[in-house]
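Given next are the chains, with one letter for each unit.
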Amino acid sequence: MSTPAPRLGMTDEAGQRVLRTVRDDVRAIAAYEVHAQAGAIKLDAMESPYGLPEAVRDQVAAAVRAVEFNRYPDSAPAALVAQVREAFGVPSEADLLFGNGSDELIGMLVQATCTPGDVVLTPWPSFVYFDLAARFHHARFVPVPLTEDLQLDLAATIAAIEAHRPKLVFLAMPNNPTGGLWPREAVRAILQAAPGLVVVDEAYQAFTDETWMPRAAQEPNLAVLRTLSKIGLAGLRFGYLAAHPAWIRELNKVRPPYNIDSATLAALSVVLANKPALDEQAARVRAARPALAVALRALPGTTVFDSAGNFLLVRFARGGDAVFQALKARNILVRNFSGAHPLLANCLRISIGSPDENAALLAALNAILTD
Ligand SMILES: *Cc1c(COP(=O)(O)O)cnc(C)c1O
């Protein structure tokens, strides 16, 4: 049963108090929205189109059944740390920090490094939570525009690092929402120039061969961030950060106690023991990418940017808003970036789905664009 929410008009007492009490910058933004549409083909959030295999589900159920929910969790049990190291090739010299999704780790990174006014810098457009986390923790967010073709502008990035001396530099690789992968030489130059910590966010690493993980403890100012969200476990909130132990020791101090709950820990252990099944699903998504890009490029009035992720950024000469709405009317959800940034004008970000979903997307776009 849902009861109507009380209206929060700015004239009543609660509204007045909200106005006086809640931060201006918080009141000015919109809450992060999840777009639900019953029965829709969901290509808007880079979720995997594939669910957990039945046998793994049964093992998860048994593991969760055995959890002692009356006890607080040990949010970083040694056995699970060892499993994560093994499953994801974390070098032995690096230490690990677990987060309730990598979003939580992004917040903790800003919290532990930035006093009010300190700078968080990132090539832009990129992952919106870099901006939000910086603002929520009173840091100054410095976005460095990508080039017109949505590549890293290395000269501008180095110049901005020298001018702003950021505590943190975030590099999403592959970059969300553009799909690009910054050259190793460029990342090396950024590591050299950055006075603070450089966080390479590898949320989409499963869809490329490129990774900085082996270097995680070799560079004095590199941390590598990963998540399980894009490889079929978006509902299981879990991310991890790998870096030299000196970084992890300090970052761990701002971690909320018990941040990974017992049910997640139990499920995770089972899922990681079945990692080949996840790898196989990610490989299927990756294998579908080139053909989908070719098919999208063949449509009238499209520009498809090269992507190393499980998504493609597409510019529509017809207008991003119009194509977004037309897809939505056909029950296909994608992410509309049209109004988000001038560099993304008329761009939609489309997650790669199952073969059937991709076929439905192409049929719908064909109808829309040749209409
Ligand atoms: C999706 C995404 C994340 C968020 O991951 P969660 O673990 O689900 O919080 C982090 N970084 C980038 C670049 C992403 O695109």
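Residues numbered from 1 in each chain as written. Predicted model: local features only at pLDDT ≥ 70, side-chain atom pairs only at ≥ 80, totals over all residues. Heavy atoms only, no water.

Draft legend 1. Structural context of the site of the ligand. Around the ligand, the structure places 13 residues, and the nearest of them are Asp-201, Tyr-204, Thr-227, Ser-229 and Lys-230. Within the backbone of Ser-102, an N or O atom sits 2.7 Å from an oxygen atom of the ligand. Lys-230 is positioned with one of its side-chain polar atoms (N or O) 3.2 Å from an oxygen atom of the ligand. Coverage of the ligand by the protein chains reaches 94% of its 390 Å² of free accessible surface. Across the shell around the ligand, the residue classes break down as four nonpolar, five polar and four charged. (Near = heavy atom within 4 Å. Polar contact = N/O pair within 3.5 Å; in protein donor to acceptor, adjacent residues only side chain to side chain. Areas by Shrake-Rupley, 256 points an atom, 1.4 Å probe, with all protein chains shown as cover. Nonpolar A, V, L, I, M, F, W, Y, C, P; charged D, E, K, R; others polar.)

Draft legend 2. Focus on the sheet that holds strand β6 (residues 197–201). Judged by pairing direction, the sheet is mixed, and its seven strands sit side by side in the order β2-β8-β7-β6-β5-β3-β4 without closing on themselves. Of all strands in the sheet, those with a lone pairing partner are β2 (95–99) and β4 (140–145), marking the two edges. Direction aside, neighbouring strands of the sheet carry axes that sit 20 degrees apart on average. Relative to strand β7 (residues 222–227), β6 is paired through four bridges, and the arrangement is parallel. Bridging across to β7, Asp-201 finds its partner in Leu-225. Its contacts with the sheet put helix α5 (residues 102–113) on β2, β3 (119–124), β5 (168–172), β6, β7 and β8 (239–243), and the angle it makes with β5 is roughly 160 degrees. (Pairing = 2+ DSSP bridges. Helix = DSSP H or I, 4+ residues; strand = E, 2+ residues; numbered from the N terminus. Axes fitted to C-alpha atoms, helices over the stretch in contact; angles between N-to-C directions. Contact = heavy atoms within 4.5 Å.)

Draft legend 3. A look at the environment of Gly-320. The residue Gly-320 is located in helix α12 (residues 320–329) in this model. Gly-320 gets classed as buried once you look at its relative accessible area, which sits at 0%. Sequence-wise, Gly-320 and Leu-348 are 28 residues apart; in three dimensions their C-alpha atoms are separated by 6.3 Å. Not counting residues within four places of it along the chain, the set of residues in contact with Gly-320 comprises Asn-336, Ser-338, Asn-346 and Leu-348. (Buried < 20%, exposed > 50% of the residue type's maximum accessible area, 1.4 Å probe, protein only.)

Draft legend 4. Region of the structure containing the packing of aromatic side chains. Throughout the structure, instances matching the rule amount to eight aromatic pairs. The interplanar angle of 70 degrees and the centroid separation of 4.8 Å between the aromatic rings of Phe-98 and Phe-238 together place this pair among those described as edge-to-face. With a gap of 140 residues between them, Phe-98 in strand β2 and Phe-238 in the loop between β7 and β8 connect regions that are remote in the sequence. By the burial criterion, Phe-98 is buried, and Phe-238 matches it. Consider the rings of Trp-124 and Phe-141, whose centres lie 5.0 Å apart with planes at 80 degrees: the pair is edge-to-face. Residue Trp-124 is found in strand β3, and its partner Phe-141 is found in strand β4; the two are separated by 17 residues along the sequence. On the accessibility criterion, Trp-124 (13% relative accessible area) is buried. Looking at Phe-141, the relative accessible area reads 17%, which means it is buried. (Phe/Tyr/Trp six-rings, centres within 6.5 Å; stacked < 30°, edge-to-face > 60°.)

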